[in-house]
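Structural overview
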Amino acid sequence: MRKQPELLKLGNSKVMANGGSGVGTSTLHQITSNTWRAPKDETTPTGKEGEMIRYGRDLITHTSKYLGPKGTIAKITNGMNCQNCHLDAGTRLYGNNFSGFINAYPKMSRRAGKIESPAERLVECFERSLNGKAPDTSGREIQSILAYMRWVGKDGKHGVNLIGASTEKMPYLKFAADTAKGNAVYSLKCQNCHGQNGEGVLSHDGTDYTYPPLWGNHSYNDGAGMYRLGSLAGFVKNNMPLGATYQNPQLTNEEAWDVAAFIESKPRAHQNQHSDWKDLNKKPIDFPFGPYPDSFSEKQHKYGPFAPIKAAHNGRSKSSVTNPQK
């Protein structure tokens, strides 16, 4: 049994002594001049550029309508929408938004081990997060998505860390995330929308999901970024259940880690990843498949505790700098 963490006061929120934050208004994510703001819809350009941007947004919001199992353009995805992982069409703070996407590319992909274009990164999303097939990157659909992402991120700057970009990097727990406790959180706060068996809820016409599936063949596969526990926990903490925001979360940090662990413990489609992370030193510590450049188990890499792994990696990095000939 875990010891109940002591609560410490911090402004309007509660912060647990083990690093987990309690429920309440967060004092850690106040709006400042460095907070990213998505452009307003009314500023969308006119003409052909505006048409592409609006079509791109619709593709992000209703990907399956065009490219899912009943897609009107092609049938190359599993029924999820890009918006299921990039909330409010990639504009929500700490909702895995597109604030810095375009400005970061082309860039070296540590996973692929090569320099990638933004179109190549989208292909990976189709194959992993949408558990589908590679789209035609020269086609109207992908070019429109890129036009939309370019417009959304137009005020971002390369190398500048904006508040609210991507998802929150959660503080590590001192222990492994608990799938049983996560099951309890899921039953209480997630099941109503995502289903008892994580199956999600289809829209009335059956073309896409109103609430996405969280495991199984119609969810993201095990090669997706969301399959890393840290990514899912940070996403869940600031956005789930429905109505939660980064300023008014409804889960503690510990609950977010635990429910993420429960979700990741469930079966889903497998992605061939034999070519991923050829440089093991670049592999994230919460990547749940070996091999690793350390002696920690796959289970610990998946569920934690992560701090000992991080400390071991940091120690190895310092050693290589101190003794470059080794």
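Here the structure is a predicted model, which means the values were calculated and not measured. Along every chain, residues carry numbers that run from 1 in the direction the sequence is written. Restriction of local features to residues with pLDDT of at least 70 applies here, the model being predicted, together with a cutoff of 80 or more for giving and counting side-chain atom pairs; totals for whole chains, interfaces and linings are based on all residues. Just so you know, side-chain values use all the structure's heavy atoms and leave hydrogens and water out.

If you tally the helices and strands in the protein chain, you get 11 helices and 6 strands. Burial statistics for the protein chain: of 326 residues in total, 48% are counted as buried. Only heavy atoms matter for contacts: two residues are in contact if any of them lie within 4.5 Å across the pair. Counting contacts in the protein chain only where the partners sit at least 6 residues apart, residues at least 24 apart contribute 61% of the total. Accessible surface, the protein chain as shown: approximately 16,500 Å² in total, 52% of it carbon and sulfur. Each helix is a run of H or I in the DSSP string that is no shorter than four residues. Each strand is a run of E no shorter than two, and both are numbered from the N terminus. Here the term buried applies to any residue with accessible area under 20% of the maximum for its type, exposed to any over 50%, and partly exposed to those in between, with areas from a 1.4 Å probe on protein chains only. The accessible surface values rely on the Shrake-Rupley method and a 1.4 Å probe; as for residues, cover is taken only from the protein chains in view.

We now examine the packing of helix α4 (residues 118-127) against helix α5 (residues 140-152). Only the stretch in contact is used when a helix axis is fitted, and all axes are lines through C-alpha atoms; the angle between N-to-C directions ranges over 0 to 180 degrees. The contact between α4 and α5 brings their axes to 11 Å, and the two run at 110°. Taken as axis vectors, α4 and α5 run roughly perpendicular relative to one another. With respect to the hand of their crossing, α4 and α5 are arranged in right-handed fashion. Of α5, the residues touching α4 (which contributes Pro-118, Ala-119, Leu-122 and Phe-126) are Ile-142, Ile-145, Leu-146 and Met-149. When residue character is reported, Ala, Val, Leu, Ile, Met, Phe, Trp, Tyr, Cys and Pro are called nonpolar, Asp, Glu, Lys and Arg charged, and the others, Gly included, polar. Across the contact of α4 with α5, the residue classes break down as 8 nonpolar, no polar and no charged. Throughout, the term roughly parallel applies to angles under 35 degrees, roughly antiparallel to angles over 145, roughly perpendicular to angles from 65 to 115, and oblique to all others. Helix crossings fall into two classes, left-handed where the near helix is turned counterclockwise from the far one by less than a right angle and right-handed where it is turned clockwise.

Attention shifts here to the layout of surface pockets. Here the second largest pocket is characterised by a volume of approximately 720 Å³. Only protein atoms enter the 1 Å grid, on which a cavity is a set of points fitting a 1.4 Å probe that cannot get out and a pocket is an open set with protein on both sides within 12 Å along at least 5 of 7 lines, lining residues being those with an atom within 4 Å of a point. As for the second largest pocket, its lining consists of 41 residues, of which Leu-87, His-194, Tyr-211, Pro-212 and Met-240 are closest to the centre. The class makeup of the residues in the lining of the second largest pocket is 22 nonpolar, 14 polar and 5 charged. Grid points are joined across faces, edges and corners, and a volume is the space filled by probe spheres set on the points.

Residue Pro-241 is reached from Met-240 by a cis peptide bond, and omega for that bond is -5°. A cis amide bond links Gly-290 with the next residue in sequence, Pro-291, at an omega value of 5°. Residue position: Pro-291 is located in the loop between α9 (253-264) and α10 (298-303). Even without being a glycine, Asn-96 presents a positive backbone phi close to 65°. Examined against the element boundaries, Asn-96 turns out to sit in the loop between α3 (87-90) and β3 (107-109).

Glancing now at the nonpolar core. Counting residues in hydrophobic clusters, the biggest one holds 62 residues, and the most contacted among them are Tyr-148, Met-149, Tyr-186, Trp-257, Val-259 and Ile-263. Those elements that place two or more of their residues in this core are α1 (47-61), α2 (63-67), α3, α4, α5, α6 (179-189), α8 (229-239) and α9. For Tyr-148, the residues in contact, after removing those within four places along its chain, are Ile-53, Gly-56, Arg-57, Ile-60, Ala-89, Thr-91 and Phe-98. What is meant by a nonpolar core is a set of buried Ala, Val, Leu, Ile, Met, Phe, Trp, Tyr and Cys residues, joined one to another through side-chain atoms within 4.5 Å.

What follows concerns the packing of α1 against α5. Two elements in contact, α1 and α5, have axes separated by 7 Å at closest approach and are oriented at 100°. By the angle between their directions, the pair α1 and α5 is classed as roughly perpendicular. Contact with α1, carried on its side by Met-52, Ile-53, Tyr-55, Gly-56, Arg-57, Leu-59 and Ile-60, involves Arg-140, Glu-141, Gln-143, Ser-144, Ile-145, Ala-147, Tyr-148 and Trp-151 of α5 and no other residues of that element.

Moving on, we come to the pattern of salt bridges. Whenever Lys or Arg places a side-chain nitrogen within 4 Å of a carboxyl oxygen from Asp or Glu, that contact is recorded as a salt bridge. Scanning all chains against the criterion turns up 9 salt bridges. Glu-124 serves as the salt-bridge partner of Arg-111, at 3.0 Å between the closest nitrogen and oxygen. With Arg-111 in the loop between β3 and β4 (114-116) and Glu-124 in helix α4, the pair connects residues that are 13 residues apart, well separated along the chain. Considered together, Arg-111 and Glu-124 belong to a single accessibility category, that of buried residues. Note that Arg-228 is salt-bridged to Asp-286, the shortest N-O span being 2.8 Å. Linking Arg-228 in the loop between β6 (209-211) and α8 with Asp-286 in the loop between α9 and α10, this pair joins segments that are 58 residues apart in sequence. Taking the relative accessible area as the measure of exposure, Arg-228 reaches 27% and is therefore partly exposed.

Moving on to the side chain of Lys-302. Mapping Lys-302 onto the fold places it in helix α10. Here Asp and Glu are counted as negative and Lys and Arg as positive; His is not counted, and neither are the chain ends. Among buried charged residues, Lys-302 stands out as having no salt bridge; its nearest opposite-charge side chain is Glu-264, 6.8 Å away.

Note that Ala-261 resides in helix α9. By relative accessible area, which is 0% here, Ala-261 ends up buried. As for Ala-261 and Tyr-303, which are separated by 42 residues in sequence, their C-alpha atoms are 6.5 Å apart. With near-sequence residues (within four places) excluded, Ala-261 lies in contact with Ala-177, Thr-179, Leu-229 and Tyr-303.

Time to look at the packing of aromatic side chains. The criterion for an aromatic pair is that two Phe, Tyr or Trp rings (for Trp, the six-membered ring) have centres within 6.5 Å, with stacked assigned to planes under 30 degrees apart, edge-to-face to planes over 60 apart and tilted to the rest. In total, this model carries 12 aromatic pairs according to the counting rule given. Ring geometry for Tyr-148 against Trp-151: centres 6.2 Å apart, planes inclined by 40°, an arrangement best described as tilted. Of this pair, Tyr-148 and Trp-151 both sit in helix α5, separated by 3 residues, roughly a single helical turn. The same class applies to Tyr-148 and to Trp-151, which are both buried.

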